[in-house]
Amino acid sequence: MKTLVPILGDQLTMTLSSLRDTDPADAIVLMMEVAEETTYVRHHKQKIAYIFAAMRHHARALADAGWQVDYVRLDDPDNAGSFTGEIARAVERHAPDRIVVTEAGEWRVAAMLDSWETIFGLPVDIRADDRFLCSHAEFDAWASGRKQLVMEFFYRDMRRKTGLLMDGKKPVGDRWNFDKDNRKPAKNDLFMPRPHAFAPDRVTKDVLALVADRFADHPGSLDGFDYAVTAADAERQAAYFLEHALPQFGDYEDAMLTGERHLWHSILSPYINSGLLDPIDLCRRAEAEYRAGRAPLNSVEGYIRQIIGWREYMRGIYWREGPDYVSRNFLDHHRKLPGWYWTGDTDMHCLKEAIGQTLATAHAHHIQRLMVTGNFALLIGADPAEVHRWYLEVYIDAYEWVELPNTLGMSQFGDGGLLGSKPYISSGAYIDRMSDYCGHCRYDVKQRVGKDACPFNALYWDFLARHQDKLGNNPRLRMPYSTWAKQSAQSRNETLSQSAIFLQSLDTAADDGY
Ligand code: FAD
Ligand code: DLZ
Ligand code: SF4
């Protein structure tokens with residue numbers, strides 16, 4: 001039976017479910033670079049370059065492993081421009097008896113896969129993506145009947161399921177979570193890890209030229225593209241992380257430093273999310289580092305929690321909440337993002353750093369995403385759907401299943417607290433504590449009003465005041481609301497008018513970044 005096996009750009013795994021028990025002798029693997037995927041949002045140039053370069057190398061690896069691969073390039077003059085259009089052409093070329101495909105990573109593409117059986121009159125076997133630990137049914141079973149979907153409880157179940165960091169039925173170290181130990185600010189350190197930088201080979205250089213030509217108007221720069229684009233190089237980066245960065249990953253997980261893009265983070269998310277690295281394998285190897293005494297428990301537990309906890313939980317939420325999750329807007333926010341989210345041209349140093357790094361490398365680490373760009377967007381009342389689009393565009397690891405719940409849910413409180421018991425907001429004080437940014441800034445982080453005052457300060461109080469009806473009874477916000485209430489009316493008014501003037505200046509300068 002002749003089988004067509006389409007493999008999407010985030011399915012670059014040799015053991016993918018659609019390839020398992022499919023006979024290479026009877027199968028055509030189809031890989032497609034298509035305009036629709038590159039432009040449904042304006043992805044960062046490096047994101048497109050990474051996906052195409054990784055796809056082209058993966059096609060070669062599949063061919064070396066004995067698969068017959070039909071690879072359609074973006075610049076093929078007959079390229080139909082969409083997954084469904086390319087399947088139609090492949091059905092004509094190969095006359096398959098059936099299609100076998102691993103489920104898509106987002107609602108938009110899942111709907112396409114669902115339509116193929118009717119369109120092509122062929123059986124379409126859509127297989128579960130078992131690169132994830134928790135199936136859709138398992139997540140639903142865990143979530144149903146719970147009032148609140150607390151990640152910590154989900155995470156504990158994943159620890160029990162995998163046996164990771166378990167001593168029998170008990171968590172290693174008698175605690176499930178060592179997050180309290182993981183909030184140290186970092187100092188500049190000559191011995192900070194320096195992960196590998198991979199020089200583009202001929203295949204990648206071709207892709208870089210194509211992207212420079214076709215996507216010149218997309219955000220970001222291609223200069224200095226140094227991502228791994230093969231499973232072997234991604235593995236080199238993983239080995240480097242486990243040896244050199246994991247030991248201090250926990251301590252400095254939330255730290256930020258001017259000019260430092262990596263700190264002790266892994267920078268493995270692009271490879272995990274596109275399929276070049278196996279997340280559970282990484283967790284097992286991280287645990288082995290702890291068991292061998294080479295990495296402390298707070299780091300290893302923290303790392304494993306991000307993957308089997310947060311990553312799996314976000315995916316569960318995405319599929320459980322459905323395709324209309326994207327339109328939730330609990331706080332009724334509608335402001336446009338300032339145009340400088342696409343240029344980094346602001347004199348707020350923390351934002352300039354986080355956005356500048358994002359445009360230069362298509363990556364920023366979690367606290368930059370959550371407590372700098374995300375925090376600012378939330379405080380100014382930016383439209384969560386637009387904020388979501390920005391994150392989906394600019395990050396190399398961004399696929400909707402993981403980006404949307406992180407952005408709209410965790411960062412923008414658009415779902416009203418489904419996955420966070422309070423909004424992630426802070427004044428400048430938090431940024432000052434966790435970074436060296438404020439020391440480089442023209443604003444004074446200690447001031448709330450006046451022309452030199454850090455904008456985060458007045459915005460923070462204004463946000464709370466504005467949303468008192470929706471957030472005033474939140475037990476986790478009792479402290480700031482009581483501090484606000486104790487201030488004199490004059491001080492409160494000064495703060496609110498400082499914020500109003502700042503917001504007005506944003507509106508006056510607003511453009512849509514395009
Ligand atoms: P590390 O700090 O080394 O963490 C280890 C691994 O844990 C990561 O590689 C990643 O696989 C996983 N991880 C950590 N936190 C999360 C999380 N909250 N959700 C899912 N996985 C997590 N991550 C994405 O992979 N894609 C996204 O599009 C994305 N969008 C985000 C948007 C916002 C607003 C926020 C606040 C976070 C977002 N994250 C996203 C989560 C996190 O910022 C990135 O996973 C992380 O920065 C990737 O860099 P790293 O590999 O160095 O991570
Ligand atoms: C993100 C992306 C881009 C930019 N381009 C392609 C492409 O041309 N071909 C492809 O197969 N996949 C691409 N991708 C990744 C897909 O958008 C991703 O596989 C789907 O969104 C399903 O998650
Ligand atoms: Fe950011 Fe305010 Fe610090 Fe400047 S002073 S870096 S705007 S937090």
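- As annotated in an unreviewed UniProt entry, the protein chain is Cryptochrome/photolyase family protein from Sphingomonas insulae.

1. Here's the deal with the overall build of the protein chain
For step 1, the next point in the chain: Scanning the protein chain for helices and strands turns up 20 helices and seven strands.
For step 2, the next point in the chain: A compact globule built from 514 residues should have a C-alpha radius of gyration of about 24 Å, and the protein chain, at 24 Å, falls within 12% of that.
For step 3, the next point in the chain: Dimensions of the protein chain along its principal axes, counting C-alpha atoms only, are 80 × 55 × 50 Å.
For step 4, the next point in the chain: The 514 residues of the protein chain split such that 59% are buried.
For step 5, the next point in the chain: In the protein chain, the proportion of contacts linking residues at least 24 apart, taken out of those at least 6 apart, comes to 77%.
For step 6, the next point in the chain: Counting every atom, the protein chain has about 20,900 Å² of accessible surface; 52% of that belongs to carbon and sulfur.

2. Thoughts on the packing of aromatic side chains
For step 1, the next point in the chain: Considering all chains together, one arrives at 29 aromatic pairs under this definition.
For step 2, the next point in the chain: Ring geometry for Trp-461 and Trp-484: centres 5.8 Å apart, planes at 10°, overall stacked. With Trp-461 in helix H17 (residues 455–466) and Trp-484 in helix H19 (residues 478–486), this pair connects stretches of sequence that are 23 residues apart.
For step 3, the next point in the chain: Look at Trp-461 and you get buried, because its relative accessible area is 12%.
For step 4, the next point in the chain: Each member of the aromatic cluster is reached from another via a ring pair, and the members are Trp-340, Tyr-341, Phe-376, Trp-390, Tyr-391, Tyr-395, Phe-456 and Phe-502.
For step 5, the next point in the chain: In this arrangement the basic side chain of Lys-47 is found over the ring face of Tyr-399, its NZ or CZ atom lying 5.9 Å from the centre.
For step 6, the next point in the chain: The ring of Tyr-155 has Arg-305 lying over it, and the distance from NZ or CZ to the ring centre is 6.0 Å.

3. Quick look at the domain arrangement of the protein chain
For step 1, the next point in the chain: In terms of domain boundaries, the protein chain breaks down into domain 1 (3–127), domain 2 (136–321) and domain 3 (339–510).
For step 2, the next point in the chain: Contacts between domain 1 and domain 2 engage 32 residues on the former and 34 residues on the latter.
For step 3, the next point in the chain: Approximately 2,800 Å² of surface area, both sides summed, lies buried where domain 1 meets domain 2, with 61% of it carried by carbon and sulfur atoms.
For step 4, the next point in the chain: Our count for the domain 1 to domain 2 interface comes out at one salt bridge.
For step 5, the next point in the chain: Across the pair Arg-315 and Glu-103 runs a salt bridge whose closest N-O atoms are separated by 3.5 Å.

Definitions and cut-offs
- Residues numbered from 1 in each chain as written.
- Chains lettered and ligands numbered in written order.
- Predicted model: local features only at pLDDT ≥ 70, side-chain atom pairs only at ≥ 80, totals over all residues.
- Heavy atoms only, no water.
- Helix = DSSP H or I, 4+ residues; strand = E, 2+ residues; numbered from the N terminus.
- Rg over C-alpha atoms; globule rule 2.2 N^0.38 Å.
- Buried < 20%, exposed > 50% of the residue type's maximum accessible area, 1.4 Å probe, protein only.
- Contact = heavy atoms within 4.5 Å.
- Areas by Shrake-Rupley, 256 points an atom, 1.4 Å probe, with all protein chains shown as cover.
- Phe/Tyr/Trp six-rings, centres within 6.5 Å; stacked < 30°, edge-to-face > 60°.
- Lys NZ or Arg CZ within 6 Å of the ring centre and 35° of its normal.
- Domains from an automatic or database assignment.
- Buried area = accessible area lost by both parts, 1.4 Å probe.
- Salt bridge = Lys/Arg side-chain N within 4 Å of Asp/Glu carboxyl O.

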